[in-house]
Amino acid sequence: MSEQTLLIEQLGAVRLLRLNRPEALNAFTTGLLGQLRQALESAAADADTRCVLITGAGRAFSAGQDLADPHVAPSREPGAPPKDIGHLLEHYYIPLALRLRSMPVPVVAAVNGVAAGAGASVALGCDLVLAGESASFIQAFSKIGLIPDCGGTWLLPRLVGRAKALEMALLGDKLKAADAERLGLISRVLPDAELMDAALATAQKLAAMPTRALVETRIAMDEALKFDFETALKREAVLQSQMGFAYDYQEGAAAFLDKRKPQFRDR
Ligand code: T3D
């Protein structure tokens, strides 16, 4: 049986995914990357799951690619050809990043410690990123002769602008959670002891909201970054028209007028 490097729990409508290689700061082996992608597929396919929450076991969120993973670790044999890292990206990181970014439910990251390299990219690819005050973000790639991957080159400049993105990626310095929040890299910092309760409460709040509207909001915002203003306005109108025909809008507006709590059900 394969090692259980990902722990999965169902907490009401929230699917909690906990990276579970604490002895290696939850660094990604091909096994863990495969399990994480599979778990996202499974959450996406489950009509009763309305939010996904991702965190790490132990003192880290994830230290990124496991540099000792035999699938990618450089060979120490003299004359042995280098392994093709592109193969790892093609088969593991790209499918994972695309799955994460296109989930049919909102995804929250609870960053409980260091998030380095691809670990930072996975966290920052989530819709909301909450972090404990002792958490940190490290663009560790440059220190080992690589470029940011798993969406890092796309996410960083969009989140913090080119100047800060390049500073983080070139220097590879540790960015504390409070600074990450100040720069707009993440949503919110919480005392460490409160992180998981707050993240779960946030996930449960999202799970009770109109899922389709939340997901279309993510899509519309990502698309709008490529559009001029008028194109964005027109795209909003197309999406809003679809939202207006959906059950959740009928329910949301009716519940407001009836002064009752709405019961959303679209996904
Ligand atoms: O194939 C490819 O490389 C392509 C894909 C690239 C995507 C990437 O993610 S590239 C970036 C890979 N990540 C890194 O370079 C980060 C390496 N780790 C660190 O720089 C430090 O560990 C941290 C700054 C994250 C944390 O430092 P610290 O002092 O709190 O902990 P530590 O003592 O360094 O690590 C604790 C243990 O975790 C240690 O093992 P040990 O000595 O107790 O047996 C360490 O070796 C292990 N560990 C940490 N990061 C990794 C790792 N093992 C394998 N791979 C890691 N990335």
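Position labels on residues start from 1 in each chain and follow its written sequence. Totals for whole chains, interfaces and linings use every residue, but because this is a predicted model, local features are given only for residues with pLDDT of at least 70 and side-chain atom pairs only at 80 or more, for both listing and counting. Only heavy atoms go into the side-chain values, all of them from the structure, while hydrogens and water stay out.

### Concerning the nonpolar core
For the record, the criterion: The term nonpolar core refers to a set of buried residues drawn from Ala, Val, Leu, Ile, Met, Phe, Trp, Tyr and Cys, joined through side-chain atoms within 4.5 Å. Only protein chains enter the area calculation, which uses a 1.4 Å probe; residues under 20% of their type maximum are buried, those over 50% are exposed, and those in between are partly exposed. Put simply, DSSP H or I for four residues or longer makes a helix, DSSP E for two residues or longer makes a strand, and each gets a number counted from the N terminus. Contacts between residues were defined by any pair of non-hydrogen atoms, one from each residue, lying within 4.5 Å.
Counting residues in each nonpolar core, the largest one holds 46 residues, and the members touching the most others are F28, V52, I54, V111, F137 and L185. Here this core takes 7 residues from helix 1 (residues 30-45), the largest share from any one element. Excluding residues that lie within four positions of it along the chain, L185 makes contacts with L124, F137, L156, L159, V160, M168, L175 and A180. In terms of nonpolar packing, the next biggest core, distinct from the first, is built from 14 residues, C51, A110, A203 and A207 among them.

### Quick look at the environment of P262
Locating P262 in the fold gives a position in the segment after helix 10 (247-258). According to the relative accessible area criterion, P262 is partly exposed, its value standing at 25%. Along the primary structure P262 and M209 are separated by 53 residues, whereas in three dimensions their C-alpha atoms are 8.7 Å apart. Once residues within four sequence positions are removed from consideration, P262 is found in contact with E251, G252 and A255.

### Re the sheet that holds strand 4 (residues 60-62)
As a reminder, the rule being used: For two strands to be treated as a pair, DSSP must find no fewer than two bridges joining them. Here the axes come from fitting lines to C-alpha atoms, over the contacting stretch only for helices, and the angles between their N-to-C directions go from 0 to 180 degrees.
If you walk across this open sheet you meet the 4 strands as 4-6-8-9, and the pairing is mixed. At either end of the open sheet lies a strand with only one pairing partner, and these are strand 4 and strand 9 (174-176). Taking the axes of each pair of neighbouring strands and ignoring which way they run, one obtains an average angle of 20° across the sheet. Two strands pair when backbone bridges link them, and strand 6 (residues 114-116) and strand 8 (residues 136-138) are joined in this way by 3 bridges, in the parallel orientation. Note on strand 8: the bridge partner recorded for A115 is F137.

### Let's talk about the site of the ligand
For clarity, the cut-off: Nearness of a residue to a molecule or strand requires only that one of the residue's heavy atoms be within 4 Å of it. The definition of a polar contact used here is a pair of N or O atoms within 3.5 Å, where within protein one atom must be able to donate a hydrogen and the other to accept one, and adjacent residues in sequence count solely through side-chain atom pairs. All accessible areas in this document rest on Shrake-Rupley with a 1.4 Å probe, and a residue is counted as covered only by the protein chains that are shown. Residue classes follow a fixed rule: Ala, Val, Leu, Ile, Met, Phe, Trp, Tyr, Cys and Pro count as nonpolar, while Asp, Glu, Lys and Arg count as charged, and any other residue, Gly among them, counts as polar.
Around the ligand, the structure places 22 residues, and the nearest of them are R59, A63, Q65, L67 and A118. Taking A63, its main chain carries an N or O atom lying 2.9 Å from a nitrogen atom of the ligand. Between the ligand and the protein, one listed contact pairs an oxygen atom with a backbone N or O atom of A118 at 2.8 Å. The protein chains hide 62% of the 1,000 Å² of surface that the ligand would expose on its own. Per-class residue counts for the shell around the ligand are 15 nonpolar, 3 polar and 4 charged.

### Focus: helix 8 (residues 211-224)
Quick note on the threshold: What a helix should span is 1.5 Å times the count of its residues minus one. Note that the arc is defined by the directions from the helix axis to the C-beta atoms.
For helix 8, which comprises 14 residues, the first-to-last C-alpha distance of 20 Å matches the rise-based estimate of 20 Å (1.5 Å per residue) to within 8%. Among the residues of helix 8, those classed as buried are T211, V215, E216, R218, D222 and E223. The arc enclosing the buried residues of helix 8, seen along the axis, measures out at 150°, which places them on a common side. On its buried side, helix 8 packs onto helix 2 (85-101), helix 4 (152-160), helix 9 (229-245) and helix 10.

In short, the description is geometric, and any link to function would need to be established separately.
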